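Architecture at a glance
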Amino acid sequence: MKLRSLTIVIPTYNEEKNIRNCLNSIFAQDYPKKLLQVILIDGGSTDKTIEIAKKFEVEVMHNKFKVEERGRPYAIKTRARGEIIGSIDADNIIPENKDWLKKMIMPFNDKEIFAADTLYYSYRKNDSLITKYNALIGGDDPIATYFGINDRLCFFNNKWTGMPHKEIDKGDYIEINFRKDKIPAIGSNGFFFRKNIFDKVPNDPFIHPLFVHDIVSMGHTKMAKVKQGLIHVQDGSIKTFFRKKLRRIKRRYSKEINWRYNYDINKKEVLKTTLYLGTIALPIKDMILGFQNKPEWVWLFHPIATFGLLFIYAYYAILGLKKE
């Protein structure tokens, strides 16, 4: 297997609780140091994030734009040397298998594959409720999973996405061929892509589902789902869980983020799914299925998360209708 030069870009802001574990997991990998570049693009941390990071072989940059969505492309354009770019966040931890990076890079031996990411999220025995729950549903939003736009394996339906696509099992990874009009919310934690396609599509700000959608729309429809996981550490607070979703909704509602792709979900699908979820019958059924497939007590949070987010989305949808 040919190993390729790799640049991992990590946006940070006051990540002293996470950055050491993240960097330890990267530099514990059995990957040639001469082929590995790690860039930390920091938005002005006032804690010990930079102090900790400088104990590792990382290049620290100042994110003059402050926000992550603009810092990542700035680092890639001005400093990245790798043929492959890896998108890893400070709250991500690579599992302990030493060949994780090698397996993530392996699919790029196929010249037609433009990107690769993990098939599922991993978690550890002592991780928080929210870390485990998000890993089990294949993302951080159960409503997104019900609309089929998740991009990691969900353990209540055993699907990594509900979007139509073709799959070919290649052993260590699954080759995916997307339809141009049906792309899931893909491209976040643990996402690797070829640098030479980066400048072919809009990338500043770097909104990962839009970035991937634009690439696929150009005709680059083949990517890889590698049969391994990534740990995405979450604050264990239920309040923080809902607050993050509320912030995301507000950013879209205020037009701070220009969301020009809605996953081709029509109003009929929205109404049908909303009514079904509103009965609570579906979340409870899936809570039971999830527990059967992956026995964890955190499944008890599933109906609460689903109904709570359904209420928040419905509220902002009504506000949007009134605004129109």
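Look above for the structure.
Throughout what follows, the structure given in this document is the object of discussion. Since the structure is predicted, the reported quantities are computational estimates derived from the model, not experimental observations. (Residues numbered from 1 in each chain as written. Predicted model: local features only at pLDDT ≥ 70, side-chain atom pairs only at ≥ 80, totals over all residues. Heavy atoms only, no water.)

Here we take up the nonpolar core. Membership of the largest hydrophobic core comes to 62 residues, with the highest contact counts inside it found for Phe 114 and Phe 193. By size, the runner-up hydrophobic cluster in this structure holds 33 residues, among which are Leu 23, Tyr 31, Ala 53 and Ile 94. (Core = buried A, V, L, I, M, F, W, Y, C linked by side-chain atoms within 4.5 Å. Buried < 20%, exposed > 50% of the residue type's maximum accessible area, 1.4 Å probe, protein only.)

Time to look at the layout of surface pockets. Within this model, the second largest pocket holds a volume of roughly 320 Å³. The set of elements that each furnish at least two residues to the lining of the second largest pocket consists of helix H6 (142-146) and helix H9 (267-278). Taken together, the residues that form the lining of the second largest pocket break down as six nonpolar, seven polar and four charged. (1 Å grid on protein atoms, 1.4 Å probe; cavity = no way out; pocket = protein on both sides within 12 Å on 5 of 7 lines; lining within 4 Å. Points joined across faces, edges and corners; volume = space filled by probe spheres on them. Helix = DSSP H or I, 4+ residues; strand = E, 2+ residues; numbered from the N terminus. Nonpolar A, V, L, I, M, F, W, Y, C, P; charged D, E, K, R; others polar.)

Turning next to the packing of aromatic side chains. Following the criterion strictly, the structure yields 19 aromatic pairs and no others. Here Phe 198 and Phe 206 contribute two aromatic rings whose centre-to-centre distance is 6.4 Å and whose plane-to-plane angle is 20°, an arrangement assigned as stacked. The two residues Phe 198 and Phe 206 agree in class, both being buried. Measuring from ring centre to ring centre gives 5.1 Å for Phe 241 and Phe 242, while their planes differ by 85°; the resulting arrangement is edge-to-face. Classification of Phe 241 by relative accessible area gives buried; the value is 2%. Taken together through their ring pairs, the aromatic side chains of Phe 191, Phe 193, Phe 198, Phe 206 and Phe 211 make up a single cluster. If you follow Arg 152 out to its NZ or CZ, it ends over the ring of Tyr 121, 4.6 Å from the centre. Over the aromatic face of Phe 241 sits the side chain of Lys 245, whose NZ or CZ is 3.8 Å from the ring centroid. (Phe/Tyr/Trp six-rings, centres within 6.5 Å; stacked < 30°, edge-to-face > 60°. Lys NZ or Arg CZ within 6 Å of the ring centre and 35° of its normal.)

The next subject is the pattern of salt bridges. All chains considered together, the criterion is met by 22 salt bridges. Note that Arg 124 and Asp 127 form a salt bridge whose closest N and O atoms lie 2.8 Å from each other. By relative accessible area, Arg 124 is classed as partly exposed at 36%. Note that Arg 248 is salt-bridged to Asp 140, the shortest N-O span being 2.5 Å. (Salt bridge = Lys/Arg side-chain N within 4 Å of Asp/Glu carboxyl O.)

Here Glu 175 is to be found in strand E8 (residues 173-178). At a separation of 3.4 Å, a polar atom in the side chain of Glu 175 contacts the side chain of Asn 177. When residues no more than four places from it in sequence are discounted, the contact partners of Glu 175 are Asp 110, Lys 166, Glu 167, Ile 168, Lys 170, Lys 222 and Met 223. (Polar contact = N/O pair within 3.5 Å; in protein donor to acceptor, adjacent residues only side chain to side chain. Contact = heavy atoms within 4.5 Å.)

What follows covers H9. The end-to-end C-alpha separation of H9 is 16 Å, in line with the 16 Å expected for 12 residues at 1.5 Å each. Once H9 finishes, Ile 280 follows within two positions and takes phi at roughly 70°, a positive value. (Expected span 1.5 Å × (residues − 1).)

Moving on: unusual backbone geometry. Here the amide bond leading from Asp 204 into Pro 205 is cis, since omega sits at 10°, within 30 degrees of zero. In this fold, Pro 205 is placed in the loop between strand E9 (191-194) and helix H7 (208-217). One non-glycine residue, Lys 66, lies in the positive phi region at around 75°. Considering the arrangement of structural elements, one finds Lys 66 in the loop between strand E3 (59-62) and helix H3 (68-79). Not every positive phi belongs to a glycine, and Ile 280 is a case in point at roughly 70°. With respect to the helices and strands, the residue Ile 280 is situated in the loop between H9 and helix H10 (281-293). Its relative accessible area of 23% is what places Ile 280 among the partly exposed residues.

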